Amino acid sequence: MATVASRAELERLLEDDVPYGDLTTEALGIGAARGVMQFAARAPMVLALAEDAAAIVALAGCEVELFAASGATLEQGAPILEARGPAASLLRSWKVAQTLIEIWSGVASETRAIVGAARAVAPQIPVACTRKNVPGTKRFAVAAVKAGGAVMHRLGLSETVLVFPEHRAFLGKLPLFQAVERLRRAAPEKKLVIEVKTVDAALAGAVAGFDVIQAEKFSPAEIAALVKRMASMAYARERPVIAAAGGVNAANAAAYAEAGADLLVTSSPYLAKPKDVQVRIIAADETGIPDMRSNRSAHTAGRSIIIGNET
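Here we summarise the structure given alongside this text. Everything numeric here is computed off the predicted structure, so don't read it as measured data.

**A few points about the pattern of salt bridges**
For the structure on display, the rule yields seven salt bridges. A salt bridge links Arg 7 to Glu 11; the shortest N-O distance between them is 3.1 Å. With a gap of four residues between them, Arg 7 and Glu 11 both fall in helix H1 (residues 7-17), about one helical turn apart. Residue classification places Glu 11 among the partly exposed positions, given a relative accessible area of 35%. Where Lys 217 meets Glu 216, a salt bridge forms, and the shortest distance between an N and an O atom there is 3.1 Å. Exposure remark for Glu 216: the relative accessible area of 16% places this residue in the buried category.

Structure below.
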């Protein structure tokens, strides 16, 4: 089972929540009692970071059975995982694992909603999510975006060339085509992207030789007008890719796709409400807890994965 984070990173998440032991569990003297913990979807969701959550529970000292993989579309009540082990291990890992799934499944679900809306109009249009996730969570953000069916717009400043108006403020009166020449000499294998805020600026970027015109906060009507103007122009290279960016969400993605944008760029999944994961924990000798193995077939055809106690 592949996780997004390394073992050391997952251990740090546990340590952050339980740095000096679980005071309540220790004070009650119940740590050695055996128990069962079950995670299930409380409402429909696109699952994300399930493998990492299961690994966290295993690192805490439990045996875990994972019933659904990240990227799966779950119905209400669909099982996610079941863990068995000492109460101390179950209670130590419970909230960290639950929260990890809830937050990033919210991102994945919103991403899937945007992708679905756009591709209902333009089946091949890509949706790209920006790097505007909470600092320090990029590894999880990328995984959630991929689980939702989108790609990353850029992973950071080191691997893409994107000229903002803020960069141009330091270029003085340097002609835009000379800026392009400078960029191609310095980064000959990279696509060149420029963010613009008006149609005229977009056309100037196209004439200068940029590969991608990122239209910031254009309305769908403005994107349609830009596409029309671009189609009438002659290019030394291929027509630049037109990326609609700024304010793209599930409610308007179809309109941007219909307007003719080649790519949708969005940050809105990172603002999504977390998805609710239902958690049940009982002592192993209690009755009445349902068997998730039999429940799994009613919700998902995914293969279950057993994760052993790694402590």
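**Some points on helix H3 (residues 50-59)**
In terms of residue burial, H3 counts as a mostly covered element, since 10 of its 10 residues are buried. Every buried residue belonging to H3 is among Ala 50, Glu 51, Asp 52, Ala 53, Ala 54, Ala 55, Ile 56, Val 57, Ala 58 and Leu 59, and all of these are buried. Of the residues trailing H3, Gly 61 is marked for its positive phi of about 120°.

**Some thoughts on the sheet that holds strand E11 (residues 241-245)**
Reading across the sheet, the seven strands line up as E7-E6-E12-E11-E10-E9-E8 and stay open at both edges, with parallel pairing between neighbours. Either end of the sheet is taken by a strand with one partner, and the two such strands are strand E7 (151-152) and strand E8 (161-163). One ladder, built from three bridges, connects strand E6 (residues 127-129) with strand E12 (residues 263-266); its direction is parallel. Looking at the pairing, Val 127 lines up with Leu 264 of E12. Strands in contact with helix H4 (residues 87-119) are E6 and E12; relative to E6, the strand with the most contacts, it is inclined by about 155°.

**A few points about the pairing of strand E1 (residues 34-41)**
A regular strand carries its side chains on alternate faces of the sheet. By the criterion of burial, E1 is predominantly enclosed, with seven of the eight residues buried. Bridging between E1 and strand E5 (residues 79-86) involves seven bridges; their strand directions are antiparallel. Across the sheet, Phe 39 pairs through a bridge with Leu 81, a residue of E5. Looking at chain direction, E1 and strand E13 (residues 277-283) are connected through seven bridges and run antiparallel. Directly across from Gln 38, in E13, lies its bridge partner Arg 280.

**Considering the packing of aromatic side chains**
Applying the stated criterion across every chain, the model contains one aromatic pair. Ring geometry for Trp 104 versus Phe 140: centroids 6.3 Å apart, planes at 50°, classification tilted. You can see Trp 104 sitting in helix H4 and its partner Phe 140 sitting in helix H5 (residues 138-147), a full 36 residues away along the chain. The burial state of Trp 104 is the same as that of Phe 140; both residues are buried.

**Considerations on the nonpolar core**
Among the nonpolar cores identified, the biggest contains 83 residues, and Trp 104, Phe 210, Ile 223 and Leu 264 are the most heavily contacted of them. Every residue in contact with Phe 210, bar those within four places of it in the chain, is listed here: Val 163, Leu 176, Val 180, Leu 183, Leu 192, Val 193, Ile 194, Gly 205 and Pro 240. Leu 162, Val 193, Ala 243 and Val 265 belong to the second largest nonpolar core, which has eight residues in total.

What counts as what
- Residues numbered from 1 in each chain as written.
- Predicted model: local features only at pLDDT ≥ 70, side-chain atom pairs only at ≥ 80, totals over all residues.
- Heavy atoms only, no water.
- Salt bridge = Lys/Arg side-chain N within 4 Å of Asp/Glu carboxyl O.
- Helix = DSSP H or I, 4+ residues; strand = E, 2+ residues; numbered from the N terminus.
- Buried < 20%, exposed > 50% of the residue type's maximum accessible area, 1.4 Å probe, protein only.
- Pairing = 2+ DSSP bridges.
- Contact = heavy atoms within 4.5 Å.
- Axes fitted to C-alpha atoms, helices over the stretch in contact; angles between N-to-C directions.
- Phe/Tyr/Trp six-rings, centres within 6.5 Å; stacked < 30°, edge-to-face > 60°.
- Core = buried A, V, L, I, M, F, W, Y, C linked by side-chain atoms within 4.5 Å.

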